[in-house]
Amino acid sequence: MRIDKHLCLPISGGGGFDLTDAFDCNVFLIAAGSEWLMFDAGSGRSPERGLEVLAEDGIDPRSIRHLFLTHGHADHSGAAAHWREALGLEVHAGHATAAMVSAGDEAALSVDRARRAGVYPADYIYRACPVDHVLDLDRPVSINGVTVRPLATPGHSHDHVSYLVETPERRMLVAGDALFHGGKVAIQDIYDCDIAAVCESVRRLASIDFDALLPGHLAFSLRNGRRHADAAFAHVEALHCPPSII
Ligand SMILES: [Zn+2]
């Protein structure tokens, strides 16, 4: 789904816009010169449907040269192996995400737990993916005039990284599962979800200036996206955990 000339949402599942497989997170493409940067990969259950959406949007999939992962959960990283093989793109991830995704460690990624809980179907298999670039957190990556700033935002999972992406057009927060529309977060009963860390990450995101909020599920916001961080911050300041989408 083309959002504008420089921004596209080709993959989004049942927790979003129902463009592709129900288990897919929101996958955003941000233009960097003549190429596109991909943020998160989707579940990998039907990547061919993502290719159909790209064709409808007039985007050559081979112009997607870099994939940045927010965290290892399968709805975000399960298709990384497919895109790396099919498109020859380079995968970027934080240290902890890289270790789990490259090993395909289903226990560390909570895939086994999610499968037992019925979050993923019984036949879902996670495909390990090599990670080409392990990000030095807080050190920005520059690609064709676009700056991608990784921000450690643990809590939803211990490995979670958000990205502040600065283009000539706007400043965007690719928030993954750290912050959602309406000031919500995502808390679940998995081994590495940590409520205190969720709140600390909200504080961090509320201290950053950005225009657009591009979260891993539900609606995105192109202008004044900071209000969602402010709403979450108000809960944290009152000693509440912000409401969870799960
Ligand atoms: Zn997640």
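Structure: above.
Residues numbered from 1 in each chain as written. Predicted model: local features only at pLDDT ≥ 70, side-chain atom pairs only at ≥ 80, totals over all residues.

*Asks:* In this structure, what is going on with the nonpolar core? I would like to understand it.
*Replies:* Nonpolar side chains in soluble globular proteins generally cluster together in the buried interior. Core analysis: the biggest nonpolar cluster contains 68 residues, and Ile-30, Leu-37, Ala-80 and Leu-179 have the highest contact counts within it. Here this core gets six residues from one element, more than from any other, and that element is strand β3 (residues 27-32). Residue contacts for Leu-37: discarding those within four places in its chain leaves Leu-29, Ile-30, Ala-32, His-66, Phe-68, Ile-143, Val-146 and Val-148. (Core = buried A, V, L, I, M, F, W, Y, C linked by C-beta atoms within 7 Å. Buried ≥ 20, exposed ≤ 12 C-beta atoms within 10 Å, placed from the backbone. Helix = DSSP H or I, 4+ residues; strand = E, 2+ residues; numbered from the N terminus. Contact = placed C-beta atoms within 7 Å.)

*Asks:* Help me understand helix α1 (residues 47-56) in this model?
*Replies:* Residues of α1 that are buried: Pro-47, Gly-50 and Leu-54. The buried side chains of α1 occupy one side of the element, clustering within an arc of 45° when seen end-on. For α1, exposure combined with an orientation more than 90 degrees from the buried face picks out Glu-48, Ala-55 and Glu-56. For α1, the elements touching its buried residues are β2 (7-11) and α3 (80-87). Positive phi appears at Gly-58, one or two residues downstream of α1, with a value of about 75°. (Arc of directions from axis to C-beta.)

*Asks:* Would you explain the pairing of strand β12 (residues 212-215) in this entry?
*Replies:* Consecutive residues of a regular strand have side chains that alternate between opposite faces of the sheet. The alternating pattern of β12 places Ala-212 and Leu-214 and Leu-213 and Pro-215 on opposite faces, both of which are buried. The sheet contact formed by strand β11 (residues 171-176) and β12 spans four bridges and is parallel. Within the sheet, the bridge partner assigned to Met-172 lies in β12 and is Ala-212. Handedness of the β-α-β unit built from β11, helix α6 (residues 195-206) and β12 comes out right-handed. (Pairing = 2+ DSSP bridges. Right-handed = clockwise from strand over helix to strand, strands pointing away.)

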